[in-house]
Amino acid sequence: MKGPFFIGIDIGTQGARVVLINIEGEMLASAEEIFLLNEASREEQSPSVWWEACFRGLKKLATEIKGHIEPMDIKGIAVTSTSGTVIPLDKKNEPLHLFDHLPLEKEWLPQVLPSGEVLGNLDSKVAKELNLSPMIQVAVGITDGCASQIASGAINPGDWNTTIGTTMVVKGVTKNQIIDPIGRLYSHRHPMGYWMPGGASNTGADWVTREFEGQMETLNEMAKKLIPTNHISYPLRQKGERFPFIAACAEGFEPDGLSLEERYTANMEGVAYLERHALELVSYLSGEEVKAVYTAGGGSKSEVWLKIRSNVLNLPLYKMKFVSGAVGAAVLAASKTHFSSLIEAGKALICTEKIIYPDKRLSDRYEANYKKFIDLMKDKGYIKGGFGA
């Protein structure tokens, strides 16, 4: 099998996942290792446990590809993990424990480099134990949300990704940093010097599994015949919203007397209206156009929900074939070990599964319903004034 190949590693809160992709972005091998959370201290985990799980995953992957892929053809490797994680190491690269008043000196800290920059080669001892090449180049990693954004395809200025899981997370790329006066958005640095702003709503798809478990296939088919509904729903399942508006008093709502399929459809539409408001917010704050919207998460598995969202946004939706933090890390690993930039690597390695286009007949009707949604949110006091408020 012809190379080069790239490895991505995702160290999550409950396990490590490793993947290997080829020069066309196809996933050729993957492995996963689970580790248990420490219930006594969920904020703290042992770096040794992370490394052991990562090592076992890499060992499995190396075994899987043995005889099919030459180790010398694996060109780069990168890691993604949770943001805000700090691990001090000693001179032997062994993890140290943090104390409340550890006397850190500025000169002890490593040089900060852009994600994707090559740090060096894989440790020869580790390479030997894994049956991998010591010539594999190790690239600077990136936080998990940004790695998933890379895998989604949203890597160029004007690109935005919406991941609908338990919550709705919107992340994109802007040329200039977004400064949000009330803290709805935060920003990471793009490997090419742009910015990667994002925000997370308290609303998402948690209501789907809570209230419609086991019925989605039937309800999705029924929803196709109902769209667009004229019902305005807001499927927030806790009190308080944080994005795209901040409202501690916010509570979900839906019209009375709806059938099961009407409730399901109206809730999908409600999340789409919220997504549109989020994208209008980022356009307002950045002064930059939203050019493309990429989709990921469990919510992107519903064909009818994709259709609703495309028409509410009046934009095409792009869904990629392999959307995970580990794949994003592998693309990052390729960005400077084989390609000249992340955008060049993404163009070659991120595989499109489908594109959903809006239908003018539906998008025109959704335009009116979106305005009703915003007016109702203003009436309830959840949205106050303009985007700057």
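Analysis parameters
- Residues numbered from 1 in each chain as written.
- Predicted model: local features only at pLDDT ≥ 70, side-chain atom pairs only at ≥ 80, totals over all residues.
- Heavy atoms only, no water.
- Helix = DSSP H or I, 4+ residues; strand = E, 2+ residues; numbered from the N terminus.
- Buried < 20%, exposed > 50% of the residue type's maximum accessible area, 1.4 Å probe, protein only.
- Contact = heavy atoms within 4.5 Å.
- Areas by Shrake-Rupley, 256 points an atom, 1.4 Å probe, with all protein chains shown as cover.
- Lys, Arg positive; Asp, Glu negative; His and termini not counted.
- Charge placed at Lys NZ, Arg CZ, Asp CG, Glu CD.
- Polar contact = N/O pair within 3.5 Å; in protein donor to acceptor, adjacent residues only side chain to side chain.
- Pairing = 2+ DSSP bridges.
- Axes fitted to C-alpha atoms, helices over the stretch in contact; angles between N-to-C directions.
- Salt bridge = Lys/Arg side-chain N within 4 Å of Asp/Glu carboxyl O.
- Phe/Tyr/Trp six-rings, centres within 6.5 Å; stacked < 30°, edge-to-face > 60°.
- Lys NZ or Arg CZ within 6 Å of the ring centre and 35° of its normal.
- Arc of directions from axis to C-beta.

### Re the overall build of the protein
Counting its secondary structure elements, the protein contains ten helices and 14 strands. When the backbone C-alpha atoms are referred to their principal axes, the protein occupies close to 65 × 50 × 40 Å. In the protein, which comprises 389 residues, the share counted as buried stands at 49%. When contacts within the protein are restricted to residue pairs at least 6 apart in sequence, long-range pairs at least 24 apart make up 70% of them. Within the structure as shown, the protein displays about 19,100 Å² of accessible surface, and the carbon and sulfur contribution to it stands at 52%. For the protein, the centre of its 42 positive side-chain charges and the centre of its 47 negative side-chain charges are spaced 3 Å apart.

### Re the environment of Arg-242
Tracing the chain through its elements places Arg-242 in the loop between helix H5 (216-226) and helix H6 (260-286). For Arg-242, a relative accessible area of 40% corresponds to the partly exposed category. On a C-alpha basis, the gap between Arg-242 and Gly-120 in space is 41 Å, while along the polypeptide they are 122 residues apart. Residue contacts for Arg-242: discarding those within four places in its chain leaves Thr-167, Arg-184, Ala-200, Ser-201 and Asn-202. Polar side-chain contacts of Arg-242 include one of 3.4 Å to the backbone oxygen of Ser-201. In terms of polar contacts, Arg-242 uses its side chain to reach the side chain of Asn-202, at 2.6 Å.

### Re the sheet that holds strand E14 (residues 352-356)
Pairing within the open sheet is mixed, and its seven strands lie in the order E10-E11-E9-E8-E12-E13-E14. The strands lining the two open edges of the sheet, one partner per strand, are strand E10 (186-189) and E14. Each strand of the sheet is rotated relative to its neighbour by a mean of 25°, with strand direction disregarded. As paired strands, E10 and strand E11 (residues 195-200) are joined by four bridges and run antiparallel to one another. Bridging across to E11, Arg-189 finds its partner in Trp-195.

### Examining the pattern of salt bridges
Enumeration over the complete set of coordinates arrives at 16 salt bridges. Where Glu-33 meets Arg-56, a salt bridge forms, and the shortest distance between an N and an O atom there is 2.8 Å. With Glu-33 in strand E3 (residues 27-34) and Arg-56 in helix H1 (residues 47-65), this residue pair connects regions lying 23 residues apart in the sequence. Judged by its relative accessible area of 10%, Glu-33 falls in the buried class. Owing to a relative accessible area of 36%, Arg-56 belongs among the partly exposed residues under this scheme. Ionic pairing is found between Arg-309 and Glu-275, a salt bridge with its closest N-O pair at 2.8 Å. Of this pair, Arg-309 sits in helix H7 (residues 303-313) while Glu-275 sits in helix H6, placing them 34 residues apart in sequence. We classify Glu-275 as buried; its relative accessible area is 0%.

### Overview of the packing of aromatic side chains
Tallied over the full model, the rule gives twelve aromatic pairs. Here the aromatic rings of Trp-207 and Phe-212 are separated by 5.8 Å at their centres, their planes lie at 90°, and the arrangement is edge-to-face. Accessibility assignment for this pair places Trp-207 and Phe-212 in one class, buried. Measuring from ring centre to ring centre gives 5.2 Å for Phe-212 and Tyr-264, while their planes differ by 70°; the resulting arrangement is edge-to-face. Residue Phe-212 is located in the loop between helix H4 (206-211) and H5, and its partner Tyr-264 is located in helix H6; the two are separated by 52 residues in the primary sequence. Residue Phe-212 shares its accessibility class with Tyr-264, and that shared class is buried. The rings of Trp-207, Phe-212, Tyr-264 and Trp-305 are connected pair by pair, giving a single aromatic cluster. Taking NZ or CZ as reference, Lys-380 lies 4.6 Å from the ring centre of Phe-253, over its face.

### Describing the environment of Leu-20
Tracing the backbone through its elements, the reader meets Leu-20 in strand E2 (residues 15-21). For Leu-20, a relative accessible area of 0% gives the class buried. Separated by 176 residues in sequence, Leu-20 and Met-196 have C-alpha atoms that sit 25 Å apart. Leave out the neighbours within four places in its chain, and Leu-20 touches Phe-5, Phe-6, Ile-7, Glu-26, Met-27, Leu-28, Ala-29, Leu-61, Ile-65, Ile-69 and Ile-74.

### Focus on the pairing of E2
Among the seven residues that make up E2, six are buried, leaving the element largely enclosed by the rest of the structure. Both strand E1 (residues 5-11) and E2 contribute to a ladder of six bridges, which runs antiparallel. Its bridge partner being in E2, Ile-9 is matched across the sheet by Val-18. From the end of E1 to the start of E2, which pair antiparallel, there are three residues. A loop of five residues connects E2 with E3, the two strands running antiparallel in sequence, and Gly-25 in this loop sits at a positive phi of about 85°.

### So, H5
Buried within H5 are the following residues: Leu-219, Asn-220 and Ala-223. Considered in projection along H5, the buried side chains sweep an arc of 105° and stay on one side of the axis. Along H5, exposed side chains directed more than 90 degrees from the buried face belong to Glu-217, Thr-218 and Lys-225. On its buried face, H5 is in contact with H6 and H7.

### Looking at the side chain of Lys-319
Of note, Lys-319 is situated in strand E13 (residues 317-320). Other than its neighbours up to four places away in sequence, Lys-319 contacts Thr-295, Ser-300, Lys-301, Thr-352, Glu-353 and Lys-354.

Spatial relationships are all this shows, so hold off on functional conclusions.
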